[in-house]
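Coordinate analysis (summary)
What follows is the residue order along each chain.
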Amino acid sequence: MAFLERIKDEFTIRYGGGKAATAVAHSLDREFGPKLKEQMRYCADHPEEISKLAKVKAQASEVKGVMMEYVEKVLDRGEKVELLLDKTENLRSQAQDFRQQATRIRRRMWLQNMKIKPIVLGIVVGLIVIIVLSIICGAFRCGGK
């Protein structure tokens, strides 16, 4: 696998501009063939380095996978935070509406209370006057008898 990776990298560097896409089959053999032999020889002569390289690439790939997972989680959290912010704004708006409505109802109830107080006070004063008059009349024997 390391050999193939090295060949792919070398080929991309050398022919990445578009020459590879338009080349006819086996037209690059003469030009790139010696490079293939050189890479084969290098991989056969340095297996420990190739093994280390493969381990490093595997670790890099694993780290990349973990980082992608973390990025997805962060983006997911960002969406959840946005949703939470929207809900918070909605609750704040509802609380403000509730507060205004409660203030209106409190004022209305206070006004009704103020209308009822004079009526109750008038009834109480009237009863007191009737009681006082009946006591006074009873003491002086009013009413013609």
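Residues numbered from 1 in each chain as written. Predicted model: local features only at pLDDT ≥ 70, side-chain atom pairs only at ≥ 80, totals over all residues. Heavy atoms only, no water.

Now for the overall build of the protein chain. Helices and strands together make up the secondary structure of the protein chain, namely four helices and zero strands. When the helices and strands of the protein chain are read in sequence order from the N terminus, they spell out α-α-α-α. Taking all 145 residues of the protein chain together, the buried fraction comes to 6%. For the protein chain, restricting intrachain contacts to residue pairs at least 6 apart in sequence, the fraction spanning at least 24 positions comes to 53%. If you sum the accessible surface of the protein chain, you get close to 12,900 Å²; carbon and sulfur atoms cover 64% of it. (Helix = DSSP H or I, 4+ residues; strand = E, 2+ residues; numbered from the N terminus. Buried < 20%, exposed > 50% of the residue type's maximum accessible area, 1.4 Å probe, protein only. Contact = heavy atoms within 4.5 Å. Areas by Shrake-Rupley, 256 points an atom, 1.4 Å probe, with all protein chains shown as cover.)

Taken together, Ile116, Val120, Val124, Ile128, Val132, Ile136 and Phe140 make up a surface patch of nonpolar side chains, about 630 Å² in accessible area. Looking at the element boundaries, Ile116 is found in helix H4 (residues 47-140). Accessibility expressed as a relative area gives 48% for Ile116, which makes it partly exposed. (Patch = residues over 30% accessible without salt bridge, like charges linked within 9 Å, V, L, I, M, F, W, Y side chains within 5 Å. Salt bridge = Lys/Arg side-chain N within 4 Å of Asp/Glu carboxyl O.)

Before going further, it helps to spend a moment on the pattern of salt bridges. Under the criterion given, the structure shown has three salt bridges. We note a salt bridge from Lys80 to Asp76, for which the minimum N-O separation is 3.7 Å. One end of the pair, Lys80, and the other, Asp76, are both in helix H4, four residues apart, so they sit about a helical turn from each other. Residue Glu89 pairs with Arg92 through a salt bridge whose shortest N-O separation is 2.7 Å.

Turning to helix H3 (residues 29-45), a few remarks are in order. Look at H3: 23 Å from first C-alpha to last across 17 residues, which is about the 24 Å you get at 1.5 Å a residue. Looking at H3, one finds that the buried residues are Phe32, Lys35, Gln39 and Cys43. Along H3, the residues classed as buried sweep out an arc of 75° about the axis, all on the same side. The outward face of H3, more than 90 degrees from its buried face, is lined by the exposed residues Arg30, Pro34, Lys37, Arg41, Ala44 and Asp45. (Expected span 1.5 Å × (residues − 1). Arc of directions from axis to C-beta.)

Before going further, it helps to spend a moment on the confidence of the model for the protein chain. Within the protein chain, residue pLDDT values average 81, and 86% of them lie at 70 or more. When pLDDT is averaged over each helix and strand of the protein chain, the minimum, 66, is found for helix H2 (residues 19-22) and the maximum, 87, for H4. (pLDDT = per-residue confidence, 0-100.)

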